[in-house]
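Survey of secondary and tertiary structure
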Amino acid sequence: MSDTKTEIRFYHLKFKPLDQALPEILEKALEKGHRIVVKHPDEKRIKQLNDAIWTFRADSFIPHGTKAEGFAEDQPVWLTTEDENPNTADVLIVTGGAEPKDEENYTLCCEILEDSQPEALQSSRARWKDYKDKGYEVTYWQQGEQGQWLKKA
């Protein structure tokens, strides 16, 4: 993309489940004009997330798609199990223990961590160190009881 290093953010879900938190994060990113790829390692979970985004709130519309619907290039949000960027996204969100690939091709890479996945939490610690060693700006955000994001030192 550019000479600017990708910003890396870790979002740690403590209270709201991914099905509720992800649509909120996507809404905020779309409001800022971003295009997003969401990567999860499990195709069945991609379908569940797709359904959750469609039914998130009655007054909400988050335009998105998956391989099942096609037309990736037209989708502001693309849900996938693959290492791909068919919608020319500038934001990559990985969750479910998926590991980002080519994060340097995005302006922002977000890793969403869930307490219910201790292995993913453990592997994210190693990636945190790796990102720091590569010179990335890395921040950690923890979900508060009301769902707000609190930046931790």
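Structure first, text after, so check above.
Definitions and limits used
- Residues numbered from 1 in each chain as written.
- Predicted model: local features only at pLDDT ≥ 70, side-chain atom pairs only at ≥ 80, totals over all residues.
- Heavy atoms only, no water.
- Helix = DSSP H or I, 4+ residues; strand = E, 2+ residues; numbered from the N terminus.
- Rg over C-alpha atoms; globule rule 2.2 N^0.38 Å.
- Buried < 20%, exposed > 50% of the residue type's maximum accessible area, 1.4 Å probe, protein only.
- Pairing = 2+ DSSP bridges.
- Phe/Tyr/Trp six-rings, centres within 6.5 Å; stacked < 30°, edge-to-face > 60°.
- Contact = heavy atoms within 4.5 Å.
- Salt bridge = Lys/Arg side-chain N within 4 Å of Asp/Glu carboxyl O.
- Axes fitted to C-alpha atoms, helices over the stretch in contact; angles between N-to-C directions.
- Left-handed = near helix turned anticlockwise from the far one by under 90°.
- Nonpolar A, V, L, I, M, F, W, Y, C, P; charged D, E, K, R; others polar.
- Core = buried A, V, L, I, M, F, W, Y, C linked by side-chain atoms within 4.5 Å.

Helix and strand content of the protein chain: 3 helices and 8 strands. Order of helices (α) and strands (β) in the protein chain, N terminus to C terminus: β-α-β-α-β-β-β-β-α-β-β. In terms of C-alpha radius of gyration, the protein chain reaches 15 Å, essentially the compact-globule figure of 15 Å for 153 residues. Out of the 153 residues in the protein chain, the part that is buried amounts to 47%.

We now examine the pairing of strand β6 (residues 108–114). Summarising burial for β6: 7 of the 7 residues are buried, a large majority. Burial along β6 is two-sided: L108, C110, I112 and E114 facing one way and C109, E111 and L113 facing the other are all buried. Relative to β6, strand β1 (residues 7–13) is paired through 7 bridges, and the arrangement is parallel. Across the sheet, E7 pairs through a bridge with L108, a residue of β6. As judged from the 5 bridges shared by strand β5 (residues 91–95) and β6, these two strands associate in the parallel manner. Each bridged residue has a counterpart across the sheet, and for T95 the counterpart in β6 is I112.

The next subject is the packing of aromatic side chains. What characterises a pair of aromatic rings is the spacing of the ring centres plus the angle enclosed by the ring planes. In this structure the tally under the stated criterion is 6 aromatic pairs. Taking the centre distance of 6.3 Å and the plane angle of 25° together, the rings of Y11 and W141 count as stacked. A residue pair is termed long-range when its members are at least 10 positions apart, and Y11 in strand β1 and W141 in strand β7 (residues 137–143) qualify at 130 residues. Given the relative accessible area of 8%, Y11 is considered buried.

A few words now on the environment of Q75. Tracing the backbone through its elements, the reader meets Q75 in the loop between β3 (64–65) and β4 (77–80). For the pair Q75 and K14, spaced 61 residues apart in the sequence, the C-alpha separation amounts to 29 Å. For Q75, the residues in contact, after removing those within four places along its chain, are R35, P63, H64, G65, G70 and N87.

Moving on: the environment of A68. On the secondary structure map, A68 appears in the loop between β3 and β4. Between the C-alpha atoms of A68 and K47, which are 21 residues apart in sequence, the distance is 9.0 Å.

To continue, consider the pattern of salt bridges. All told, the structure shown has 12 salt bridges when counted by the stated rule. Note that K39 and D83 form a salt bridge whose closest N and O atoms lie 2.4 Å from each other. Highlighted residues: K39 in strand β2 (residues 36–39) and D83 in the loop between β4 and β5, separated in sequence by 44 residues. For K39, a relative accessible area of 9% corresponds to the buried category. Several salt bridges converge on common partners, so that one network encompasses E27, R57 and D59.

With their axes 9 Å apart at the nearest point, helix α1 (residues 18–31) and helix α2 (residues 43–54) run at an angle of 60° to one another. Of the two elements, α1 crosses α2, and the hand of that crossing is right-handed. Contacts between α1 and α2 involve L18, D19, L22, P23 and L26 from the first element and R45, L49, A52 and I53 from the second. In the contact of α1 with α2, the residues fall into 7 nonpolar, no polar and 2 charged.

Nonpolar side chains tend to gather and get buried jointly when the protein is soluble and globular. In terms of nonpolar packing, the biggest core is built from 22 residues, with L22, L26, I36, V38, V77, I93 and I112 touching the most fellow members. Breaking this core down by element, the ones donating at least two residues are β1, α1, β2, α2, β4, β5 and β6. No other element matches α1, which puts 6 residues into this core. Within the second largest apolar cluster, 15 residues are counted, among which are I8, L92, A98 and L121.

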